[in-house]
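Structure assessment
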Amino acid sequence: LIYGAADGNSYMQISKDFPYFNKNNLSYVHNERFIIPYLIGLLSYLLNLDHFLIYRFLIFLLIFFTIFIFYKIISFFKIDHFNKFIIVGLIIFNPYIVRYFLSLPTLINDLVFMASSLLIIHGFLTKKKLVCFIGFVISIAARQTGLVFLPAIIINKIIYKKKSFFSLKDIIFITLIYLIIYILNTYHANIAGSDHN
């Protein structure tokens, strides 16, 4: 209950396992999402702070960051200040977003994925490829669902050809990044069932 059912408990266990890939008997899917919890384990190790405290602190930062990026996205469109306030309020006071993650900070991967998706949208709207690339990397590190962005980019390139925001070189680069992170995630998921590797 404290760690947010199976997902949160798995992420906490991965954080506590740092710097090892311990035999953890966690689900394969949870072991594939190890990067964010593992980095939290690194922070806990370096700062000598409780893992759960770091999860809570990072959730606060991520909530503010997500709201900030969301505001930047809606500011891209011609919306008056009152309606911006209403739209942002729908995010802040939605019981399934802010309150949910404040209650269950160990489910940080889900919020990281949401933030990375918004980063991709923001980068696309502002024509900043680096922001998009950062969003892509973070999205696939957080959840396997991040893979959906790759075919979307490829389809976009096929349909719009030279008018596409992404060049062929960009798509090759993004594909390589996705493959590296996917292989890393799969590697961890495959060996996490063994003693210190």
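See above for the structure.
About the cut-offs
- Residues numbered from 1 in each chain as written.
- Predicted model: local features only at pLDDT ≥ 70, side-chain atom pairs only at ≥ 80, totals over all residues.
- Heavy atoms only, no water.
- Salt bridge = Lys/Arg side-chain N within 4 Å of Asp/Glu carboxyl O.
- Helix = DSSP H or I, 4+ residues; strand = E, 2+ residues; numbered from the N terminus.
- Buried < 20%, exposed > 50% of the residue type's maximum accessible area, 1.4 Å probe, protein only.
- Axes fitted to C-alpha atoms, helices over the stretch in contact; angles between N-to-C directions.
- Left-handed = near helix turned anticlockwise from the far one by under 90°.
- Contact = heavy atoms within 4.5 Å.
- Nonpolar A, V, L, I, M, F, W, Y, C, P; charged D, E, K, R; others polar.
- Parallel < 35°, antiparallel > 145°, perpendicular 65-115°, else oblique.

Summed over all chains, the structure comprises three salt bridges. The partner of D7 in a salt bridge is R33, with the nearest N and O atoms 3.7 Å apart. Of this pair, D7 sits in helix α1 (residues 5-17) while R33 sits in the loop between α2 (28-32) and α3 (35-47), and the two are 26 residues apart along the sequence. On the basis of relative accessibility, which here comes to 24%, the residue D7 falls in the partly exposed class. Relative accessible area serves as the criterion here: at 8%, R33 is assigned to the buried category.

The geometry of helix α4 (residues 51-75) relative to helix α5 (residues 81-92) is characterised by a closest axis approach of 11 Å and an angle of 145° between their N-to-C directions. Here α4 and α5 pass one another in a crossing that is right-handed. In this structure, α4 uses I67, F70, Y71, I74 and S75 to contact α5, whose residues at the interface are H81, K84, I87, V88, I91 and I92. Taken together, the residues that form the contact of α4 with α5 break down as eight nonpolar, two polar and one charged.

Turning our eyes to something else, we now look at the packing of α4 against helix α7 (residues 108-125). Contact geometry for α4 and α7: axes closest at 9 Å, N-to-C directions at 25°. On the basis of the axis angle, α4 is roughly parallel to α7. Every pair of crossing elements has a handedness; the one defined by α4 and α7 is left-handed. From α4, Y55, L58, I59, L62, I63, F65, T66, I69, F70, K72 and I73 reach across to α7, where they touch I108, L111, V112, A115, L118, L119, I121, H122 and L125. By residue class, the composition of the contact of α4 with α7 is 17 nonpolar, two polar and one charged.

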